[in-house]
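Descriptive structure summary
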Amino acid sequence: SARDKIHWRPFEGPLRTSSCEAALRVVRALLGAIHKEVPRRRAPQAREASDQLSDHAAATNHRVSMEIVPPADATERPRATSPIPVARFLDWLANDTPSPQQRVSLAAALLISRHGLRVIELVGFRFAHLALGDDEVALTLAAKSLVRAGERRLDADVRQALEAHWRDRGIEMASVAGTAGGSDMALLAPIDLPLTERGRAKRSQASAGYSASGLERLLRSSWRRFAAAHDDVPAAFTPRQLRLP
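These numbers come from a predicted model, not from an experiment. (Residues numbered from 1 in each chain as written. Predicted model: local features only at pLDDT ≥ 70, side-chain atom pairs only at ≥ 80, totals over all residues. Heavy atoms only, no water.)

**Here we look at the packing of helix H3 (residues 86–94) against helix H4 (residues 100–115)**
Counted only if it meets this: Interaxial angles span 0 to 180 degrees and are taken between N-to-C directions of axes, which are lines fitted to C-alpha atoms, for helices over the stretch in contact. By the criteria applied, helices consist of DSSP H or I runs no shorter than four residues and strands consist of E runs no shorter than two, each listed in order from the N terminus. Angle categories are assigned with fixed cut-offs, so that under 35 degrees is roughly parallel, over 145 is roughly antiparallel, 65 to 115 is roughly perpendicular, and the rest are oblique. By definition, any crossing whose near helix is turned counterclockwise from its far helix by less than a right angle is left-handed, and any crossing with a clockwise turn is right-handed. Throughout, a contact is declared for two residues whenever any of their heavy atoms are within 4.5 Å. By the convention adopted, Pro, Cys, Tyr, Trp, Phe, Met, Ile, Leu, Val and Ala count as nonpolar, Lys, Arg, Asp and Glu as charged, and the other residues, Gly among them, as polar.
For the pair H3 and H4, the least separation of the axes is 9 Å and the interaxial angle reads 155°. Taken together, H3 and H4 sit at an angle that is classed as roughly antiparallel. Taken as a pair, H3 and H4 cross one another with a handedness that is left-handed. Where H3 abuts H4, its residues Val-86, Phe-89, Leu-90, Leu-93 and Ala-94 lie against Gln-102, Ser-105, Leu-106, Ala-109, Leu-110 and Ser-113. The class makeup of the residues in the contact of H3 with H4 is eight nonpolar, three polar and no charged.

Encoded structure:
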């Protein structure tokens, strides 16, 4: 079946946020179990030493210590011993080569890091969730959890990043002020859509925004470039790590 068919994207359908998160927890648990089951490989030198000394070891009841090496992909870069450098990433992203993708990545990363939002929540925001004042912008999150639900007043740099993304889409703050509270237009949306059936369908929808998987791919791509430019930055990354202190 073609990958742009909706049944390939179960977490973008009508599932509730809690159902999506529960399913993803199961997936992460399964992947974690698989990772633990991957057999470790002994270093060739240790294996050769073991063969040469096996008879002697058996006779003297001595154990030969076998060196264990991790999978090849884990040896390419040392494992991080500290939390990911979120502040450095945000600063790097803010000064990255300007482009529509850079601007929407920055807006999304700031919303996740500064205001504790999740990717699945970001893709659900519309201009109707905005409350605009003279000097501030607030974003209302409708969530089942009373702890998460409510209004979040956006930091100045978050607001500026959003405005830059909106300008890429031909939306000025003045027009946003006139539509906030009633517009179904997505808060974050791609500038260029792929020439697939799914992409063509989105082009016909004025309110269409990023899917959760699309926004995740965008943020992961930004992180890969950041990690490639800094030897001390771990390559492993998920957008939810931006929410960590």
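**Thoughts on the pattern of salt bridges**
Note the threshold: Each reported salt bridge corresponds to a side-chain nitrogen of Lys or Arg within 4 Å of a carboxyl oxygen of Asp or Glu. Throughout this description, buried means an accessible area under 20% of the type-specific maximum (1.4 Å probe, protein chains only), exposed means over 50%, and partly exposed covers the range between.
Applying the stated criterion to the full structure yields ten salt bridges. The partner of Glu-163 in a salt bridge is Arg-159, and the shortest N-O contact between them spans 2.9 Å. Here the residue Glu-163 and the residue Arg-159 both occupy positions in helix H6 (residues 156–168), the gap between them amounting to four residues, near one helical turn. Taking relative accessible area as the criterion, Glu-163 reaches 17% and is therefore assigned buried. The buried category is assigned to Arg-159, whose relative accessible area is 19%. Connected through salt bridges with shared partners, the residues Arg-114, Asp-155 and Asp-157 form a single ionic network.

**A few points about the packing of H4 against H6**
Contact geometry for H4 and H6: axes closest at 9 Å, N-to-C directions at 150°. Of the possible angle classes, the one that applies to H4 and H6 is roughly antiparallel. The chirality of how H4 crosses H6 is left-handed. Along the contact surface, H4 presents Pro-100, Arg-103, Val-104, Leu-106, Ala-107, Leu-110, Leu-111, Arg-114 and His-115, while H6 presents Asp-157, Val-158, Ala-161, Leu-162, Ala-164, His-165 and Asp-168. When grouped by side-chain class, the residues that make up the contact of H4 with H6 number ten nonpolar, two polar and four charged.

**Focus: the side chain of Arg-126**
For clarity, the threshold we go by: What qualifies as a polar contact is a pair of N or O atoms within 3.5 Å, subject to a donor-acceptor requirement within protein and to the restriction that residues adjacent in sequence count only when both atoms come from side chains.
As for its position among the elements, Arg-126 is in the loop between helix H5 (119–122) and strand E3 (130–132). A polar contact is formed between the side chain of Arg-126 and the backbone oxygen of Val-123, at a distance of 3.2 Å.

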